[in-house]
Amino acid sequence: MSHLDFSEDDLIEAMSSISPTGSDVDSQSLVPKSPTRHPTPSPTTESINAVAEEMVELRHSKFHFSRFVTVQVESTLYRVPRPLMEHSETYKDQIPPPDSEDALYVDGISTREMEAFLDLSDSRLVTGDDHFTFEQWAGALAVANRLGVSQIRKHVIHRLQKALSSLDPFDCIDAALKYRVQDWLFHPVLRICERQEPLSSAEILRLGSERSSAVGRVREKLLAHKNHLEMTWIRDRWPSVKRRPGGRSVSISEPRWTEMSETVVVALATEVKRLIKLETILAGPELEVVSPGARPSIISIPKGVPHLKYWQADSKTFKVGGYLYLLPIAYFDQPARLENSQDGFSVDSCDPIILPQDIEASDWDVLLEIVTARPYDELLFSLPFASWITGLRLAQRFDVESARRYILRRIQSDFPTGNPIDLLEAVKIGGPAHSDWVQYLYGKLSQRNSSLNSQEIRRIGEDATAEVLKLRDRFLLTKGNSLF
């Protein structure tokens, strides 16, 4: 049995059985029974600490998610990943040390907003974030503003930009001011200034006197500019009768009013943007993120109660090679498939999951890079083709369906001019893929100069080979008929 084949619970149990002072141990029991036979020495605290330190060193530097910060919002406690809080520009200097039981109190946000932020921060590329509602996006943005987590703030602003274009422009302005997003102000103001109807009393109340006055100025200047453009255009094309030398008159057709309308619309679109930018209150005042207020006194902070969902993480320890990984079990779509990796194992067990010996730690790292990649990561997630194939094999083996689908989509998008044999081998490994893409690959192979060799047939499989041969027969037949 290797010295690595034990869990952290085993270590804690072993340490708890040792008296720290030895005061409860009978001194006579330590006397040797025989002058030639010494008792087996008991493990010391130092030796167990050494083992514990060795176990800590075995933890994977990136994929051992065991560092958390207790954050209190209102009267609710949350366990937030420490790396996420370390990105907080406003609270990173107030984070309690790792061995502290103190909670970091964050005011100015609600528990609903905090939960939306935690859900969004745990979203992954393989599962996407399209299922979040506008309310959840907005709540996550409020917390990102409060904590000063810029990468999530930028991601939310970008994802909501298109959604806001379909909303009422006044709702968009309200959202821009509430969540302090300057980029959201211009387009709704543009829609208000370009419409035919002037502001109503209710709309003036929502905008306020300064913005309403600025909108009125832009609309008046825009209307005057429109009249000037139309009159200039008509004057250049009038009168309808023109005299030539010699006294003979020639009739000129009536101006094409549709052409005038199109010309004016294009010119007005440019002018209204210029006018809005001249109005500081409309172009977007500086909407800086509000810095946190003074830390409340201990007396004013309510007693915290752990949140049922965001306090106890359902994570599992994996052992691959000489490394320990700690990850949420939900990251694996079919946890039961992991039971097949070792005899007698259950995902409900406290024991670590020991993956088969044929899986290299470097290959497991590739799959975890894919499974844990975030939509808001600042660097675009990219891998070489061979790494995608490695991740695809493991995703298929352990039935991580979300990763399998995502990998096939990335292979299709990232390698559009790749070797069709390589790409069809990926389809063979990963199972069903986009049918149009697969048919396109079949077509490319069917029209090449040489037929499939035995190695290529083994790589792409019998089903793909049959489809290629069928298309190739049609291609050669059509090519032959074209010679006559």
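Residues numbered from 1 in each chain as written. Predicted model: local features only at pLDDT ≥ 70, side-chain atom pairs only at ≥ 80, totals over all residues. Heavy atoms only, no water.

Draft legend 1. How the structure looks around the packing of aromatic side chains. According to the stated counting rule, one finds 9 aromatic pairs in the structure shown. Each ring, one from F318 and one from F332, has its centre 5.1 Å from the other, and the planes form 45 degrees; the classification is tilted. Within this pair, whereas F318 is found in strand 8 (residues 315-320), its partner F332 is found in the loop between strand 9 (323-328) and strand 10 (353-354), the two being separated by 14 residues in sequence. The pair F318 / F332 is uniform in exposure class, with both members buried. Feature note: the residues F318, F332, W364 and F398 constitute an aromatic cluster, connected by ring pairs. Of note, R124 hangs over the ring of Y331, and the distance from its end group to the ring centre comes to 4.3 Å. (Phe/Tyr/Trp six-rings, centres within 6.5 Å; stacked < 30°, edge-to-face > 60°. Helix = DSSP H or I, 4+ residues; strand = E, 2+ residues; numbered from the N terminus. Buried < 20%, exposed > 50% of the residue type's maximum accessible area, 1.4 Å probe, protein only. Lys NZ or Arg CZ within 6 Å of the ring centre and 35° of its normal.)

Draft legend 2. Local environment of the confidence of the model for the protein. When pLDDT is averaged across the protein, the result is 80; 77% of the residues are at 70 or more. The spread of mean pLDDT over the elements of the protein runs between helix 1 (residues 8-16), the lowest at 39, and helix 15 (residues 385-397), the highest at 96. Across residues 1-38, where pLDDT falls below 50, the model places 26 contacts with residues more than four positions away in sequence or in other chains. (pLDDT = per-residue confidence, 0-100. Contact = heavy atoms within 4.5 Å.)

Draft legend 3. Structural detail: the environment of Y331. Tracing the backbone shows Y331 in the loop between strand 9 and strand 10. Placed 41 residues apart in sequence, Y331 and T372 show a C-alpha to C-alpha distance of 7.9 Å. Sequence-distant contacts of Y331, that is, excluding residues within four places in its chain, are made with F65, D122, R124, V371, T372, R374 and V400. A polar contact is formed between the side chain of Y331 and the side chain of D122, at a distance of 2.6 Å. (Polar contact = N/O pair within 3.5 Å; in protein donor to acceptor, adjacent residues only side chain to side chain.)

Draft legend 4. Highlighting the sheet that holds strand 10. Strand order in the open sheet made by the 4 strands is 1-9-8-10, with mixed pairing throughout. Whereas interior strands pair on both sides, the edge strands pair on one side only; in this sheet they are strand 1 (59-64) and strand 10. As judged from the 6 bridges shared by strand 8 and strand 9, these two strands associate in the antiparallel manner. For T317, the partnering residue across the bridge sits in strand 9 and is L326. With respect to the sheet, helix 14 (residues 361-372) is in contact with strand 1, strand 8 and strand 9, its orientation differing from that of strand 9 by roughly 20 degrees. (Pairing = 2+ DSSP bridges. Axes fitted to C-alpha atoms, helices over the stretch in contact; angles between N-to-C directions.)

Draft legend 5. Looking closely at the pairing of strand 3 (residues 76-81). Sheet topology places strand 2 (residues 68-73) next to strand 3; 6 bridges connect them, and they run antiparallel. Along strand 3, the bridge assignment pairs V69 with V80. Where strand 2 folds back onto strand 3 in an antiparallel hairpin, the turn is made up of 2 residues, including E74, whose phi is positive at roughly 55 degrees. Pairing of strand 3 with strand 7 (residues 305-306), which is carried by 2 bridges, proceeds in the parallel orientation. Within the sheet, the bridge partner assigned to L77 lies in strand 7 and is P306.

Draft legend 6. Looking closely at the side chain of S121. Looking at the secondary structure, you find S121 in helix 4 (residues 111-121). With relative accessibility at 9%, the residue S121 sits in the buried group. One polar contact links the side chain of S121 to the main-chain carbonyl oxygen of L118, over a distance of 2.9 Å. Setting aside anything within four residues of it in sequence, one finds S121 in contact with L84, I152, R374 and Y376.

Draft legend 7. Quick look at the nonpolar core. Residues M85, M114, F117, I152, W184 and I276 are the most contacted members of the largest nonpolar core, which totals 60 residues. With 8 residues, helix 5 (residues 134-147) is the largest single contributor of residues to this core. Once residues lying within four places of it in the same chain are set aside, the contact partners of I152 are L84, F117, L120, S121, A144 and Y376. With 50 residues, the next largest nonpolar core counts F332, A361, I407 and V438 among its residues. (Core = buried A, V, L, I, M, F, W, Y, C linked by side-chain atoms within 4.5 Å.)

Draft legend 8. Here's a closer look at the packing of helix 15 against helix 17 (residues 420-430). Viewed as axis vectors pointing N to C, helix 15 and helix 17 meet at an angle of 20 degrees, and their least axial separation amounts to 9 Å. It follows from the interaxial angle that helix 15 and helix 17 lie roughly parallel. Crossing geometry of helix 15 relative to helix 17 is assigned as left-handed. Along its contact with helix 15, which presents F385, I389, L392, R393 and Q396, the element helix 17 presents D422, L423, E425, A426, I429 and G430. Taken together, the residues that form the contact of helix 15 with helix 17 break down as 6 nonpolar, 2 polar and 3 charged. (Parallel < 35°, antiparallel > 145°, perpendicular 65-115°, else oblique. Left-handed = near helix turned anticlockwise from the far one by under 90°. Nonpolar A, V, L, I, M, F, W, Y, C, P; charged D, E, K, R; others polar.)

Draft legend 9. The pattern of salt bridges, seen in detail. Overall, the coordinates contain 22 salt bridges when judged by the stated rule. E89 is paired through a salt bridge with K92; the nearest N and O atoms lie 3.5 Å apart. The network of salt bridges with common partners includes D129, D130 and R159. (Salt bridge = Lys/Arg side-chain N within 4 Å of Asp/Glu carboxyl O.)

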